[in-house]
Each structure stands twice: as C-alpha cells, then as structure tokens.
Number of protein chains: 2
Amino acid sequence: MIAEGKVITSSQELGQRLGLSSAQIRKDLSQFGEFGKQGTGYNITFLAEQLRRILKVDQLWNIALVGAGDLGRAVANYGGFFDRGFRITKVYDIDPQKIGQRIGGFIIHDVASMAADIRKTKIKIAMLAVPAADAQSVTDKLVEAGIQAILCYAPVSLKVPESVKIQYIDPVLRLQHMTYYVS
Amino acid sequence: MIAEGKVITSSQELGQRLGLSSAQIRKDLSQFGEFGKQGTGYNITFLAEQLRRILKVDQLWNIALVGAGDLGRAVANYGGFFDRGFRITKVYDIDPQKIGQRIGGFIIHDVASMAADIRKTKIKIAMLAVPAADAQSVTDKLVEAGIQAILCYAPVSLKVPESVKIQYIDPVLRLQHMTYYVS
DNA sequence: TAGATTGTTAATCGATTAACAATC
DNA sequence: TAGATTGTTAATCGATTAACAATC
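Cut-off values and rules
Residues numbered from 1 in each chain as written. Chains lettered and ligands numbered in written order. Predicted model: local features only at pLDDT ≥ 70, side-chain atom pairs only at ≥ 80, totals over all residues. Heavy atoms only, no water. Helix = DSSP H or I, 4+ residues; strand = E, 2+ residues; numbered from the N terminus. Rg over C-alpha atoms; globule rule 2.2 N^0.38 Å. Contact = heavy atoms within 4.5 Å. Areas by Shrake-Rupley, 256 points an atom, 1.4 Å probe, with all protein chains shown as cover. Lys, Arg positive; Asp, Glu negative; His and termini not counted. Charge placed at Lys NZ, Arg CZ, Asp CG, Glu CD. 1 Å grid on protein atoms, 1.4 Å probe; cavity = no way out; pocket = protein on both sides within 12 Å on 5 of 7 lines; lining within 4 Å. Points joined across faces, edges and corners; volume = space filled by probe spheres on them. Nonpolar A, V, L, I, M, F, W, Y, C, P; charged D, E, K, R; others polar. Least-squares fit on C-alpha atoms with pLDDT ≥ 70 in both. Near = heavy atom within 4 Å. Polar contact = N/O pair within 3.5 Å; in protein donor to acceptor, adjacent residues only side chain to side chain. Domains from an automatic or database assignment. Core = buried A, V, L, I, M, F, W, Y, C linked by side-chain atoms within 4.5 Å. Buried < 20%, exposed > 50% of the residue type's maximum accessible area, 1.4 Å probe, protein only. Pairing = 2+ DSSP bridges. Phe/Tyr/Trp six-rings, centres within 6.5 Å; stacked < 30°, edge-to-face > 60°. Lys NZ or Arg CZ within 6 Å of the ring centre and 35° of its normal. Salt bridge = Lys/Arg side-chain N within 4 Å of Asp/Glu carboxyl O.

Moving on, we come to the overall build of chain A. From N to C terminus, chain A includes 7 helices and 10 strands. Taking 16 Å as the expected radius of gyration for a compact globule of 183 residues, we find that chain A reaches 20 Å, considerably beyond that expectation. Along the longest, intermediate and shortest principal axes, the C-alpha atoms of chain A span 65 × 50 × 30 Å. Of the contacts formed within chain A by residues at least 6 apart in sequence, a portion of 49% connects residues at least 24 apart. For chain A, the exposed surface amounts to about 10,200 Å²; the carbon and sulfur share of it is 52%. Separation between the mean location of the 22 positive side-chain charges and that of the 17 negative ones in chain A comes to 5 Å.

Right, dumping it as structure tokens:
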C-alpha cells in the first residue's frame with residue numbers, strides 16, 4: 001500500500017486484501033494497542049511501523065549458520081537476508097577439511113568454538129544446514145549455548161525446550177502438503 | 001515407530017508423540033475411515049500405508065522446475081526429492097544464454113515450450129525459482145497450462161484461482177515468525 | 001452536523017475434548 | 001470373562017463474527 005502511494009486504510013480494506021474479516025483485523029490489532037482513528041481508519045506508514053516493532057523485525061538480527069555442505073553453501077550465498085533484517089555473522093562446520101576455507105565470503109569455523117562464540121556474541125538465532133543425522137546433537141549444543149530460535153533445513157523433527165522456537169524449511173514437506181489436493 | 005520395530009500403537013501414544021489429544025487423533029482418522037481395532041489399537045504399517053494413500057504420497061510425482069538461476073541450480077542439485085516421491089523431469093528458463101545448458105543433470109529448456117510440454121506430459125506440480133518480478137507472469141502461464149500446485153521460492157504473494165494450491169519457501173519469513181518470541 | 005470507522009462487548013459458530021457404547 | 005481401546009455422540013471451550021457505543 002505504501003508503494004501504491006496510499007496514506008490511509010481501513011480494517012475493511014486490510015481484511016479484503018488479506019482474506020480476513022474486518023472484525024478479525026480490528027480484534028487482532030487491538031490486542032497490541034490502538035492504532036486507528038474512529039471515522040478515519042489507519043495511517044499506513046504508522047501501522048507498518050508499529051507492526052514491525054511488535055514483530056521485532058525493525059532491527060538487524062545476527063545469525064549463526066551451522067553446516068557448510070551443499071545446503072550450507074547455498075544458504076550462505078543467498079543474497080536475500082540482509083535487505084530484510086538478517087545477517088549471517090558466523091559459519092561453522094565439523095569437517096577439518098572445510099575449517100578455515102570460505103563460503104559466500106564467510107570463513108568456516110570449527111564447531112568446537114561455536115558454543116563459546118555464541119555465548120560471547122549473544123547471537124540468538126541459528127540456521128541449521130547439517131545432515132539429518134547430526135541435527136539433534138548440534139541443536140542440543142546450540143540450545144545449551146543460549147540460542148533461542150532455530151531455522152532447520154534438515155528433514156527431521158527436533159526436540160527442544162518449549163522456550164526455544166523452531167521453524168523448518170523442507171521443500172518435500174511443502175510438496176506433500178499439496179498432493180492431497182492434486183488430481 | 002516402524003523403525004523402532006513397533007507393530008501396534010494407540011491413539012493415546014500417537015497423540016503423545018504428536019502433541020495432540022487421543023480424542024483428536026481418533027476424530028481426525030475417523031474422517032477418512034476405520035483404521036483401528038477396539039481393545040487393540042492401530043497396526044502401524046497398515047496405518048502408515050493408509051495415510052500415504054489418503055495424502056497421495058504413495059506415488060512418484062513429476063515436477064517442472066522453472067528458473068535456472070542460483071536458486072534454481074540449488075533446487076535442481078538437491079538430492080532429497082526422489083527418495084521421498086518427487087522427481088524433477090523438466091527445467092525451464094527464459095535466458096537464451098542458459099537454454100541448452102545443463103544444471104543438475106537436466107537440460108535447460110526454453111519457457112516458450114513450457115505450456116505445451118506441461119499440457120502434453122500432464123505434469124501437475126511446478127517449482128518456481130524465478131526472480132520475484134517474474135513470478136506472477138510465469139505463474140499465470142503455469143496455471144493456464146493446467147498446473148495444479150506450485151511451490152514458490154520467490155518472496156512474493158501469488159494470485160491464483162482457488163483450485164490451484166500454493167506453498168512458499170521463504171527463509172526470511174520463517175525467521176520473522178520467530179523474532180517475536182526472541183528476547 | 002452527518003457519515004464513517006474504530007475498539008470492544010455480546011452472540012454465534014466451529015473445533016476440541018470428554019464420555020461411553022460397541023467390541024476386540 | 002475382564003480389560004482395553006476404538007469410533008462417535010454430546011458437552012465444552014475458544015475463536016470468529018456481528019453489533020454498537022464512542023468519536024473522529
């Protein structure tokens with residue numbers, strides 16, 4: 001809407017664009033504050049700012065990448081993170097052959113130094129691109145070191161304390177979500 | 001459970017492992033049939049077979065990949081599809097420089113021939129790894145050609161008819177789902 | 001002032017859970 | 001036969017929607 005040059009919107013328009021009812025929009029927003037004006041609606045830039053603040057995407061997050069194989073390399077080379085508030089600051093692998101080499105401009109560090117690094121630099125988010133068989137043990141180390149969120153590229157289900165958030169990137173799972181509907 | 005050598009399970013055990021109530025397990029399964037035995041529970045291999053059939057993941061699905069840039073190359077080289085019932089059979093790009101070359105063992109074909117190919121081969125699922133700016137126009141062509149499900153790697157929101165299913169792979173979106181909970 | 005739209009309360013709807021007859 | 005667990009109905013819970021006073 002900002003790109004379209006619009007200044008004000010309403011719960012009705014937001015609902016229409018998002019496929020929700022206007023009541024849902026107002027109810028959800030009201031959980032976090034009063035962002036609109038009666039009779040007028042919502043100022044779009046103000047609302048966007050508030051939403052970014054609420055979701056904590058109004059800052060730059062540092063990320064540790066674990067795993068420098070094919071998948072890790074693809075992730076490290078992906079250019080879409082920085083623009084959208086995320087920055088890989090460290091890359092780790094366990095393979096002595098890889099340690100010291102570079103991928104995507106990052107030096108590959110030894111996982112042995114990972115826990116201490118993460119504690120020191122207070123990195124909160126990690127991306128996991130290790131083989132499925134290693135994912136749980138690496139996760140345990142990350143959690144122990146104070147990581148609070150993990151984006152996991154391995155096709156496994158990780159066990160973590162409730163306080164740690166996990167999201168998975170598994171293209172096959174996404175495909176499987178759709179086959180049911182395909183005839 | 002199969003790997004663990006177990007033969008029979010119950011709605012209670014399934015619920016426990018999945019973080020759901022036993023009633024939820026029974027209710028959901030009963031939507032599709034009667035898979036258990038009173039007093040005994042569910043035969044695990046039989047249940048798994050039935051679930052695969054219901055979800056249509058008991059077959060090999062052919063997939064068209066559109067876009068042979070960095071992302072497309074990574075997708076084409078990803079070895080995890082075939083084992084899990086998906087096979088890329090065609091790769092397309094619009095760049096004359098790329099057409100005829102190979103990525104991940106696939107010859108890159110001209111998008112100009114895509115619609116006719118898809119109609120002829122009856123491919124139902126496509127993966128989209130084109131620049132965000134091209135995603136909608138390519139999607140329109142795919143839908144027109146009869147594609148029923150699209151896995152989109154571009155960070156955009158695609159407009160498609162209700163009958164077409166879409167799933168997105170956007171690591172930044174996944175990261176943004178977690179920042180709210182990170183302190 | 002009249003019209004429009006918010007934030008919120010009350011009503012409705014649908015999903016989850018509890019309970020139990022059926023039966024292995 | 002006694003114990004266990006299913007599939008399903010009824011009860012409960014929570015989420016969505018409708019309605020409206022407040023007010024810009």
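Turning next to empty space enclosed by the protein. Under the criterion given, the structure shown has 1 cavity of 30 Å³ or more. Residue lining of the largest cavity: Tyr168, Ile169, Asp170 and Arg174 of chain A together with Tyr168, Ile169, Asp170 and Arg174 of chain B, and that is the complete set. In terms of residue class, the lining of the largest cavity is made up of 4 nonpolar, no polar and 4 charged.

What follows is about the relation of the copies chain B and chain A. When chain B is brought onto chain A, the operation consists of a screw motion whose angular component is 180 degrees and whose axial shift is 0.0 Å, with 0.0 Å RMSD remaining. One copy is carried onto the other by what is essentially a two-fold rotation axis. Both copies present the same face, since 100% of the interface residues in chain B are matched by interface residues at the equivalent positions in chain A.

What follows deals with the protein's contact with DNA strand D. Residues in close proximity to DNA strand D total 22 residues, the closest being Ser21 of chain A together with Ser11, Arg26, Gly36 and Tyr42 of chain B. Here the atoms of DNA strand D within 4 Å of the protein split so that 58% fall in sugar or phosphate, with bases taking the remainder. Between glutamine 24 of chain A and DNA strand D, the recorded distance is 3.1 Å, taken from a side-chain N or O atom to a sugar or linking oxygen. Measuring from a sugar or linking oxygen of DNA strand D, one finds a backbone N or O atom of glutamine 38 of chain A at 3.2 Å.

Put simply, an interface is often sized by how much accessible area is lost when its parts join up. The domain architecture assigned to chain A consists of domain 1 (8–54) and domain 2 (61–173). Computed from C-alpha atoms alone, the centre-to-centre distance between domain 1 of chain A and domain 2 of chain A is 35 Å.

Another aspect to go through is the nonpolar core. It is characteristic of soluble globular proteins that their nonpolar side chains tend to be buried jointly. Within the largest apolar cluster, 47 residues are counted, with the highest numbers of intra-cluster contacts made by Phe81, Met127 and Leu175 of chain A together with Phe81, Met127 and Leu175 of chain B. Those residues within four positions of phenylalanine 81 of chain B in sequence are excluded, and the remaining contacts are Pro171, Val172 and Leu175 of chain A together with Val75, Phe86, Ile88, Met127 and Tyr153 of chain B.

As a further point, take the pairing of strand β9 (residues 149–152) of chain A. Residue and element names in this part refer to chain A. With burial as the criterion, each face of β9 is covered, one bearing Ala149 and Leu151 and the other bearing Ile150 and Cys152. Direction of pairing for strand β8 (residues 125–128) relative to β9: parallel, over a ladder of 4 bridges. The partner of alanine 126 across the bridge, within β9, is isoleucine 150. Pairing of β9 with strand β10 (residues 165–168) involves 4 bridges; the strand directions are parallel. The residue of β10 that forms the bridge with cysteine 152 is tyrosine 168.

The description of two aromatic rings rests on the distance between their centres and on the angle between their planes. Summed over all chains, the structure comprises 6 aromatic pairs over all chains. An aromatic cluster is built from Phe32 of chain A together with Tyr180 and Tyr181 of chain B, whose rings are joined through pairwise contacts. In this arrangement the basic side chain of lysine 165 of chain A is found over the ring face of tyrosine 181 of chain B, its NZ or CZ atom lying 4.4 Å from the centre.

Each partner contributes to the interface: chain B provides 41 residues, whereas chain A provides 41 residues. Counting the contacts that link chain B with chain A gives 2 salt bridges. Linking arginine 84 of chain A and aspartate 170 of chain B is a salt bridge whose minimum nitrogen-to-oxygen distance equals 2.9 Å. Across the contact surface, chain B and chain A share 14 residue pairs in polar contact (both at pLDDT 80 or more). Where the side of chain B that touches chain A is concerned, the elements lending two or more residues are β4 (61–66), β8 (125–128), β9 (149–152), β10 (165–168) and α7 (171–179) of chain B. No other element matches α7 of chain B, which puts 9 residues into the side of chain B that touches chain A. Partitioned by chemical class, the residues of the side of chain B that touches chain A number 28 nonpolar, 7 polar and 6 charged.

Further remarks concern the sheet that holds strand β5 (residues 86–93) of chain B. Taken in spatial order, the 7 strands of this open sheet run β6-β7-β5-β4-β8-β9-β10 (chain B), and their pairing is mixed. Edge positions in the sheet fall to β6 (102–103) and β10 of chain B, since each has one partner strand and no second.

Not every one of the 22 residues close to DNA strand C is listed here, only the nearest: Ser11, Arg26, Gly36 and Tyr42 of chain A together with Ser21 of chain B. Protein-adjacent atoms of DNA strand C, using a 4 Å cutoff, are sugar or phosphate at a proportion of 60%. In this structure, arginine 26 of chain A approaches DNA strand C through a side-chain N or O atom, which is 2.8 Å from a base nitrogen. Separating a base oxygen of DNA strand C from a backbone N or O atom of glycine 39 of chain A is a distance of 3.0 Å. Listing elements by their share of the surface near DNA strand C, those giving two or more residues are α2 (22–30), β2 (36–37) and β3 (41–43) of chain A together with α2 (22–30) of chain B. For the surface near DNA strand C, the leading source of residues is α2 of chain B, giving 4 residues. Class assignment for the residues of the surface near DNA strand C results in 3 nonpolar, 12 polar and 7 charged.

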